[in-house]
Amino acid sequence: MLNKLSNPELIKLILPLFIIQLGLTVFSIYRLSKDKVKYLPKWAWLLIIIFGEILGCIIFLTIGRERE
Amino acid sequence: MNTFKAYLKKEMLESWRQYKYLLLFIGIILFAILDPILLKLLPEILKSKINGDLASLIQIDIKSAVQNYIKDLNQVTLLIVLLTLMGSLSDEISSQKLIFPYSKGANLSSIVIAKILHYAVTISIFIIFGFIINYYYAVTLFSENIIAFKNVLISAALISIYYFFVIILLMFLSSIFKKGVLAALLVLMLHIISALLVNIDKIAKFIPYNLISLANSFTTENILTTIFSVLLYCIILSLLTIKNYKNNTFA
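These figures come from a predicted structure and were not determined experimentally.

(A) View of the UniProt feature "domain: Cardiolipin synthase N-terminal" (unreviewed entry) in chain A. Here, the residues flagged by UniProt with the feature "domain: Cardiolipin synthase N-terminal" (unreviewed entry) are residues 25-65 of chain A. A helix fraction of 78% and a strand fraction of 0% characterise residues 25-65 of chain A, whose end C-alpha atoms lie 15 Å from each other.

This is the structure in structure tokens:
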């Protein structure tokens with residue numbers, strides 16, 4: 001698999017994806033702890049953020065938060 | 001001009017505070033990275049799941065990796081963009097936030113133009129950036145069927161123009177219905193209908209979705225007719241949005 005690439009090259013390619021995923025999940029959980037939420041309880045949004053991966057985070061940040 | 005500058009700053013500040021930049025960036029850039037990696041892994045995933053040599057039938061090259069990104073840009077990314085921007089005009093109309101600035105002499109046309117231009121420029125920058133990243137990944141991971149970088153940039157420009165049209169359409173529908181969700185759903189419906197209409201050869205070059213077809217095929221046939229048609233629709237829709245905005249703000 002991906003045999004033309006060495007391991008460091010492979011890590012360099014996949015690393016940005018990993019950083020985006022992890023960063024967005026941590027940020028969404030942080031916002032969940034600080035903001036008021038709507039439509040669903042906080043525990044349900046937490047499950048959506050964790051198991052919905054990037055799309056779950058985007059849905060929470062767009063429609064899940066009560067705007068100031 | 002003062003109203004335009006003030007509202008441009010206001011939009012930038014609001015987008016920053018409501019994480020709209022972050023969401024648009026991720027919605028556009030994520031698939032630029034994800035698509036080529038998934039396509040590279042696809043034959044191996046198929047091999048492990050399905051018996052037989054099905055994986056060898058799938059030939060993925062640089063061109064198909066970029067085309068896959070274009071496909072995602074007009075499906076999942078469009079949905080993310082609509083979700084992010086759907087409330088930006090309708091909220092102001094429905095909550096009547098503009099009565100005070102208008103009484104102080106703010107120009108409503110400048111407010112609408114500032115909103116449209118701000119999001120159009122932001123999305124265009126992200127799309128061009130996304131195409132550059134996607135091309136880099138595609139060239140690194142695949143070797144066959146190379147396409148010129150110039151063609152990729154033309155595709156990025158065509159998709160940016162299409163998003164410009166989508167933003168104006170969203171603002172126009174928001175100004176009519178005052179409900180962001182309804183406007184976003186209608187834009188999605190029109191997007192699907194125009195994807196079907198583009199198959200009719202006689203009218204294809206006048207339909208905005210033709211920009212995506214041209215970007216996907218890396219051709220420039222009838223490109224000017226389509227671009228001028230879309231720009232004309234954009235001007236008409238902008239004028240109608242401003243008119244509706246004025247009527248609805250004080251309704």
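(B) Fine view of the interface of chain B and chain A. In this assembly, 17 residues from chain B lie in contact with 14 residues from chain A. If one sorts the elements of the side of chain B that touches chain A by residue count, helix α2 (residues 20-49) of chain B sits on top with 10 residues. Residues that form the side of chain B that touches chain A fall into these classes: 11 nonpolar, 4 polar and 2 charged.

(C) Structural detail: the UniProt feature "transmembrane region" (unreviewed entry) in chain A. Under the feature "transmembrane region" (unreviewed entry), the UniProt entry names residues 12-31 and 43-63 of chain A. Here residues 12-31 of chain A runs as 100% helix and 0% strand, with 29 Å between its end C-alpha atoms.

(D) Looking closely at the packing of helix α2 (residues 42-51) of chain A against helix α3 (residues 53-64) of chain A. All names here are of chain A. Viewed as axis vectors pointing N to C, α2 and α3 meet at an angle of 140 degrees, and their least axial separation amounts to 6 Å. Considered as vectors, α2 and α3 are oriented oblique to each other. Facing Trp45, Ile48, Ile49 and Phe51 of α2, the residues of α3 in contact are Gly56, Cys57, Ile59, Phe60 and Gly64. Here the contact of α2 with α3 is composed, by residue class, of 7 nonpolar, 2 polar and no charged.

(E) The arrangement of the UniProt feature "transmembrane region" (unreviewed entry) in chain B in detail. All names here are of chain B. Within this numbering scheme, the UniProt entry marks residues 21-39, 116-137, 152-173, 180-200 and 223-242 as carrying the feature "transmembrane region" (unreviewed entry). Structurally, residues 21-39 comprises 100% helix and 0% strand, and the distance from its first C-alpha atom to its last is 27 Å. Taken end to end, residues 180-200 comprises 86% helix and 0% strand; its first and last C-alpha atoms sit 31 Å apart.

(F) Focus on unusual backbone geometry. Residues and elements named next belong to chain A. For tyrosine 39, which is not glycine, the phi torsion reads 70 degrees and is therefore positive. Positionally, tyrosine 39 belongs in the loop between α1 (7-34) and α2. Phi is positive for glutamate 53, which is not a glycine, with a value near 50 degrees. Look at glutamate 53 and you get partly exposed, because 13 C-beta atoms sit within 10 Å.

(G) Main features of the nonpolar core. Residue and element names in this part refer to chain B. With 80 residues, the main nonpolar core has Ile159, Ile167, Ile168 and Leu170 as its most contacted residues. For this core, the element with the most residues is helix α8 (residues 149-177), which contributes 17 residues. Non-local contacts of isoleucine 167, meaning those with residues more than four positions away in its chain, are made with Leu85, Ile116, Tyr119 and Ala120.

(H) Local environment of helix α1 (residues 2-17) of chain B. Residues and elements named next belong to chain B. Given a rise of 1.5 Å per residue, 16 residues ought to cover 22 Å, and the 22 Å separating the end C-alpha atoms of α1 matches this to within 8%. Among the residues of α1, those classed as buried are Tyr7, Glu11 and Ser15. Take α1 and look down its axis: the buried residues cluster within an arc of 75 degrees, on one side only. In α1, those exposed residues whose orientation departs by more than 90 degrees from the buried face are Asn2, Lys5, Lys9, Leu13, Trp16 and Arg17. Of the surrounding secondary structure, the elements contacted by the buried residues of α1 are α2 and α7 (108-141). Looking one or two residues beyond α1, the residue adopting positive phi is tyrosine 19, at roughly 60 degrees.

(I) Structural view of the confidence of the model for chain B. All names here are of chain B. Counting all residues, the mean pLDDT for chain B is 87, and 96% of those residues have values of 70 or more. Taken element by element, the predicted model of chain B shows its lowest mean pLDDT in helix α6 (residues 99-103) (73) and its highest in α8 (93). Per the prediction output, this complex has pTM 0.88; the corresponding ipTM is 0.79.

Thresholds applied
Residues numbered from 1 in each chain as written. Chains lettered and ligands numbered in written order. Predicted model: local features only at pLDDT ≥ 70, side-chain atom pairs only at ≥ 80, totals over all residues. UniProt positions renumbered as here; feature names shortened; annotations may be inferred. Helix = DSSP H or I, 4+ residues; strand = E, 2+ residues; numbered from the N terminus. Contact = placed C-beta atoms within 7 Å. Nonpolar A, V, L, I, M, F, W, Y, C, P; charged D, E, K, R; others polar. Axes fitted to C-alpha atoms, helices over the stretch in contact; angles between N-to-C directions. Parallel < 35°, antiparallel > 145°, perpendicular 65-115°, else oblique. Buried ≥ 20, exposed ≤ 12 C-beta atoms within 10 Å, placed from the backbone. Core = buried A, V, L, I, M, F, W, Y, C linked by C-beta atoms within 7 Å. Expected span 1.5 Å × (residues − 1). Arc of directions from axis to C-beta. pLDDT = per-residue confidence, 0-100.

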